Amino acid sequence: MLDVIQNLVDFTGESEYNGHMDANLIFGQSINYISKKSDPADLIRLVNYGVQSIGIGILFLDRNRKCVYANKHAFSMFHSEENPEVLGNIFFEWMSGLGIAQTAASWCRVYSNGDKERLYRVRFRSIIDSSNILLGYMYTVQNLSDIVENSTGEQYRLTHDELTGLYNREGFNEAARELLKETEESYLLLYSNIKDFKLFNQLFGIDKGNDILMNIGDMMLQHVRVGDIYGRINGDHFAMCIPKARFDEKGFKELVREIAGRVTSKTYSLHMQIGVYEVRDSYMDIPLMCDRAYMACKSIKKDGVCEIAWYSDEMLVNALLEKEVLSSFDFAIFNKQFGIYLQPQVYPDGTVFGAEALARWIHPENGLIEPSVFINVLERADLIYKLDRYIWELAAAQLAAWKGTEMEGLSISINVSPKDLYYLDIKKEFMNLARQYDIDPKYLNIEITETAVTSDVAKCAKLILELQSSGFSVEIDDFGSGYSSLNMLKDINANVLKIDMGFLRRTDNLERAHVILNYTIDMAHELGMGVITEGVETKEQLDFLMGMGCGMFQGFYFDRPMPVESFEDKYRGKIKTIVTEEKDHEI
Ligand code: C2E
Ligand code: MG
Ligand code: MG
C-alpha cells in the first residue's frame, strides 16, 4: 500500500504546471506521519479521503489492467456511473479511439461529451514496489480546459507542447533561463536526437512515432526531480536542464535501452544520441547552449542504442569550419579551386606503375587544404558526389594528356565515396568519362572503401563485376579497417586489395596483427587479387612487408602526394608498367 501511495505522491508532484503541488506535499507528509504511528485502517481512510478530495481524476488498475479503483473526480470527468469497471471501459475506449498505446507517458487530448469539449491531460505510470514487483498501473487525468480558457491558458498554449504536455521550445528557454539565473549549482544542458526518426514515421506511421515521443517524455519524467527543466524542442529533439551532480549516464542509457526494446522491427532499431553541454556561463542564451549540446549530439559516430557525447570547444571550431567549407564549396568548384595531387604507387625498386589521385583544395587565401578538412564535411552534407565527379574528370583528363608521352601506361586510382554509390550511376559515370576522354578503362582504377562495400555487399559485388566487365580495375581501399573484412572477400572479387598500414599503427598487439597481415596477403594472392600496402613509412616496414610477399607499395617512405607536374618531372623515365593482373607477381 505504501508503495502505491508513494508512487501517487511522487507522480502528482512532478507536474510542472500543477496547482496541486502544495496539497500533495501536505498529503504526502501526513502519510509519512500517520504510517509510522497509526493502524492501517486509519491510513486507508486517510488515503481514500485524500484521493477523493484531490482536484484531478485518478484511476488504479490491477496487473491485468482492470480498473479497480477510481476517485469521484474520474467518474465525473468521464460521465461514468460509479463503477470502476464501467469507467475503465469508457476510458480505454476513448484512448483507443485516439490511437494511443496504454503505455504512453503523458498526453493531452480533447474529450467530448455531447457538444461540450474538454482538454484532458493524462499521465500514466506503472506502479512497482521497492522489490521491483509490478503492483498495477495508475492514470491521472487533469482537466486543462479551465487553464486553457482563462487568461493563463493562452500562456500555457504558447509554452507547452500539445503532444507530450511538456514545455515546447519557448517554454523550455524561458524556464531554463529562470532556473539558471537563480542557481549557484553546476548545470548540464542535454539535447537528444533520435536517429532516422523520419524513417521510423514512414515505416510505422505517425501514431507509433508519437507513441515513441511520449515514451521519451516519460523517460524524462523518470529522470527528473521537481525543479528540473525539460521539454520537447521540436520534432524528435528533447532538451533537459539538470544539475551536473545528478546526471547518471548509465541510468539514462538503461532507460533508452528499455524504450528502444519496445521497437521490435527487422528494418529499424531505435538509436538515441544525446549531446551534453556543461553550462559555464549561466547567462549565455539558452538557444546557444542548445546549439552546443546539439553539436555534441551531431558529433556522435558510433551506432549504439544510446550514445552520449560531451561538448568541447573543438567542436565549435569544427562546426565553424564546416560552415565555411559548405558555404564556399560551390564557388570553389565553379572557380576550379580543387585539383589533384598524385602519390606514386611503386615496386620495391622505386619504379612506378601508377598513382593515386588525391583531392586538394587550393584556396586563394588559405592555401593548400588537405582532404581531412573537407571530405567528411561534404560526405555528411551529401555533396561529396559533386567533388568526386570533378576529381574523376581531372584524372581522366590527365590520362588523356599522358597519351603518346613517356607517362603513357601509368594507371591513376581515384576514390569513390560510399555516398556516391547512392547518388550516382557509377558505371555510367566511368563509361562516359572513358568515352569522352578516349582513354583505355584499364588505366582508370576505381577505389571503393571496405566500409562502402560492407554497407551493401550484394550491390557492390554487382557493381564491381559490371565495372570489371567494362574494362576497369577495382581496388578495395583501406582494407582491414573494418570488422568483417575477411568475411566480405567470399562475395567480392576485386582486382587489388589496398591494405592500410595504419591498422598496424592503431593496434596494441603487433604480433597478432602481423599474423593477420601475413595471412591476408597470402589469401588475396590465392584469390587472384593483387595487394598494395599503403602508408609505408620506413625501410623496416618495407622489408618486413616484402618478406610477407607483398610487392606493391604506396607511402611516405617512397613519396608523398605531389602536384602533377612534380610527379611527371620526378618519375619520367622510372616507369614500369604491367597490366594489373600480372602486377603483383612481377616481383
Ligand atoms: P586514402 O584513399 O586511403 O588515401 C591515402 C591517404 O593516406 C592520403 O591522405 C595519403 O596522403 C595518405 N598516406 C599515404 N602514404 C602515407 C604514409 O606513409 N603515412 C601516412 N600517415 N599517410 C599516408 P590524403 O591525401 O590526406 O587523403 C585522405 C583520405 O581522403 C583518402 O584516403 C581518401 O579516403 C580521402 N580522399 C582524398 N581524395 C579524395 C577524393 O577525391 N574523393 C574522395 N571521396 N575521397 C578522397
Ligand atoms: Mg584511396
Ligand atoms: Mg586508403
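Further up the page is the structure itself.
Residues numbered from 1 in each chain as written. Chains lettered and ligands numbered in written order. Predicted model: local features only at pLDDT ≥ 70, side-chain atom pairs only at ≥ 80, totals over all residues. Heavy atoms only, no water.

*Asks:* Would you mind going over the overall build of the chain in detail, with residue names and values included?
*Replies:* For the chain, the count of helices and strands is 25 helices and 20 strands. Of all 587 residues assigned to the chain, the portion counted as buried reaches 50%. A fraction of 63% describes how many contacts in the chain between residues 6 or more apart in sequence connect residues 24 or more apart. Surface accessibility of the chain: about 28,400 Å² in total, with carbon and sulfur atoms responsible for 51%. (Helix = DSSP H or I, 4+ residues; strand = E, 2+ residues; numbered from the N terminus. Buried < 20%, exposed > 50% of the residue type's maximum accessible area, 1.4 Å probe, protein only. Contact = heavy atoms within 4.5 Å. Areas by Shrake-Rupley, 256 points an atom, 1.4 Å probe, with all protein chains shown as cover.)

*Asks:* Which residues make up the packing of aromatic side chains, and what values do they have?
*Replies:* Each pair of aromatic rings is reported with the distance of its centres and the angle of its planes. Applying the stated criterion across every chain yields a total of 32 aromatic pairs. On the basis of an interplanar angle of 80° and a centroid distance of 6.0 Å, the ring pair of Phe92 and Tyr139 is categorised as edge-to-face. One end of the pair, Phe92, is in helix H5 (residues 84–97); the other, Tyr139, is in strand E5 (residues 134–143), and 47 residues separate them in sequence. Like Tyr139, Phe92 is buried. What links up through ring pairs into an aromatic cluster is the set Phe78, Phe91, Phe92, Trp94, Tyr111, Tyr120, Phe124, Tyr137 and Tyr139. Above the ring of Tyr422, the side-chain terminus of Lys459 is found at 4.3 Å from the ring centroid. (Phe/Tyr/Trp six-rings, centres within 6.5 Å; stacked < 30°, edge-to-face > 60°. Lys NZ or Arg CZ within 6 Å of the ring centre and 35° of its normal.)

*Asks:* Talk me through the site of ligand 1; I want residue IDs and the actual numbers.
*Replies:* Near ligand 1 you find 23 residues, and of these Asp388, Asn415, Asp477, Glu537 and Phe556 are the closest. Here Asp388 contributes a side-chain N or O atom positioned 2.6 Å from a nitrogen atom of ligand 1. Contacts to ligand 1 include Glu534, whose side-chain N or O atom sits 3.4 Å from an oxygen atom. Here ligand 1 loses 80% of its free accessible area of 800 Å² to cover by the protein chains. It is strand E12 (residues 352–363) that provides the largest number of residues to the shell around ligand 1, a total of four residues. Here the residues of the shell around ligand 1 sort into eight nonpolar, five polar and ten charged. (Near = heavy atom within 4 Å. Polar contact = N/O pair within 3.5 Å; in protein donor to acceptor, adjacent residues only side chain to side chain. Nonpolar A, V, L, I, M, F, W, Y, C, P; charged D, E, K, R; others polar.)

*Asks:* Which residues make up the coordination of the magnesium ion (ligand 3), and what values go with them?
*Replies:* Under perfect tetrahedral coordination by four donors, a metal shows angles of 109.5 degrees; under perfect octahedral coordination by six donors, it shows angles of 90 or 180 degrees. Bound to the magnesium ion (ligand 3) are the protein donor atoms Asp477 (OD), Asp478 (OD) and Glu534 (OE), situated 1.9 to 2.2 Å from the metal. Between the magnesium ion (ligand 3) and the magnesium ion (ligand 2), a spacing of 3.9 Å is present, and a bridge between the two is formed by Asp477. Here the residue Asp478 occupies a position in strand E16 (residues 473–479), and Glu534 occupies one in strand E18 (residues 530–534), the gap between them amounting to 56 residues. Classification of Asp478 as partly exposed rests on a relative accessible area of 24%. (Donors = N, O, S within 2.8 Å, 3.2 Å for Na, K, Ca; no water.)

*Asks:* Give me the pattern of salt bridges: which residues, what numbers.
*Replies:* Inspection of every chain in the model, using the stated rule, returns 22 salt bridges. A salt bridge links Glu322 to Arg380; its shortest N-O distance comes to 2.9 Å. With a gap of 58 residues between them, Glu322 in helix H13 (residues 313–334) and Arg380 in helix H14 (residues 371–380) connect regions that are remote in the sequence. With a relative accessible area of 42%, Arg380 lands in the partly exposed category. The closest approach of N and O atoms between Asp438 and Lys403, which form a salt bridge, is 3.4 Å. Of this pair, Asp438 sits in the loop between helix H17 (426–437) and strand E15 (444–449) while Lys403 sits in the loop between helix H15 (384–402) and strand E14 (411–416); the two residues are 35 residues apart in sequence, bridging distant segments of the chain. Look at Asp438 and you get exposed, because its relative accessible area is 54%. Given a relative accessible area of 36%, Lys403 falls into the partly exposed group. (Salt bridge = Lys/Arg side-chain N within 4 Å of Asp/Glu carboxyl O.)

*Asks:* Explain the side chain of Glu307 to me, using residue names and the numbers behind them.
*Replies:* Looking at where Glu307 falls in the secondary structure, it is placed in strand E10 (residues 306–310). Although Glu307 is buried, it forms no salt bridge, and the closest oppositely charged side chain is Lys302 at an N-O distance of 4.3 Å. When neighbours within four sequence positions are excluded, Glu307 is seen to be in contact with Met272, Gln273, Ile274, Ile300 and Lys302. (Lys, Arg positive; Asp, Glu negative; His and termini not counted.)

*Asks:* An account of the coordination of the magnesium ion (ligand 2) is requested, with residue identities and associated values reported.
*Replies:* Those donors, Glu356 (OE), Asn415 (OD1), Glu447 (OE) and Asp477 (OD), are the protein atoms that reach the magnesium ion (ligand 2), and they lie 2.0 to 2.2 Å from it. The exposure class of Glu356 is buried, given its relative accessible area of 3%.

*Asks:* Explain the sheet that holds strand E9 (residues 272–278) residue by residue, including any values.
*Replies:* Judged by pairing direction, the sheet is mixed, and its five strands sit side by side in the order E7-E8-E6-E9-E10 without closing on themselves. Looking at the sheet topology across the chains shown, the edges are occupied by strand E7 (229–234) and E10. Across this sheet, the average inter-strand angle for adjacent strands is 20°, counted without regard to direction. (Pairing = 2+ DSSP bridges. Axes fitted to C-alpha atoms, helices over the stretch in contact; angles between N-to-C directions.)

*Asks:* Mind laying out the packing of H13 against H15, listing which residues take part and the relevant values?
*Replies:* Viewed as axis vectors pointing N to C, H13 and H15 meet at an angle of 20°, and their least axial separation amounts to 11 Å. With respect to H15, the element H13 is oriented roughly parallel. Considering the relative orientation of H13 and H15, their crossing is left-handed. Of H15, the residues touching H13 (which contributes Phe329, Asp330 and Ile333) are Lys386, Leu387 and Tyr390. Residue classes in the contact of H13 with H15 are distributed as four nonpolar, no polar and two charged. (Parallel < 35°, antiparallel > 145°, perpendicular 65-115°, else oblique. Left-handed = near helix turned anticlockwise from the far one by under 90°.)

*Asks:* Could you give an account of the packing of helix H8 (residues 169–182) against helix H12 (residues 286–298), naming the residues involved and the relevant values?
*Replies:* The geometry of H8 relative to H12 is characterised by a closest axis approach of 9 Å and an angle of 100° between their N-to-C directions. With respect to H12, the axis of H8 lies roughly perpendicular. On H12, the residues touching Phe172, Asn173, Ala176, Arg177 and Leu180 of H8 are Ile286, Pro287, Met289 and Cys290. Tallied by class, the residues present in the contact of H8 with H12 amount to seven nonpolar, one polar and one charged.

*Asks:* Quick one: what's the story with unusual backbone geometry, residue by residue and with numbers?
*Replies:* Non-glycine residue Asn132 carries a positive phi angle of around 70°. Along the polypeptide, Asn132 turns up in the loop between strand E4 (116–128) and E5.

*Asks:* Go over a nonpolar patch on the surface with me, naming the residues and quoting the values.
*Replies:* A cluster of nonpolar residues, Leu199, Leu203 and Phe204, forms a patch on the protein surface that exposes about 230 Å² of accessible area. Following the sequence through the fold, Leu199 ends up in helix H9 (residues 197–204). (Patch = residues over 30% accessible without salt bridge, like charges linked within 9 Å, V, L, I, M, F, W, Y side chains within 5 Å.)

*Asks:* Describe the pairing of strand E11 (residues 338–346), listing the residues and the values that go with them.
*Replies:* Every other side chain in a regular strand lies on the same face of the sheet, so the side chains alternate between the two faces. The buried count for E11 comes to nine of nine residues, which makes it a mostly enclosed element. Where burial is concerned, the two faces of E11 agree: the one with Phe338, Ile340, Leu342, Pro344 and Val346 and the one with Gly339, Tyr341, Gln343 and Gln345 are both buried. Taken together, the nine bridges between E11 and E12 define a ladder with antiparallel strand orientation. Note on E12: the bridge partner recorded for Gln343 is Glu356. As defined by bridge partners, E11 adjoins strand E20 (residues 562–563) across two bridges and the pair is classed as antiparallel. Within the sheet, the bridge partner assigned to Tyr341 lies in E20 and is Pro563.

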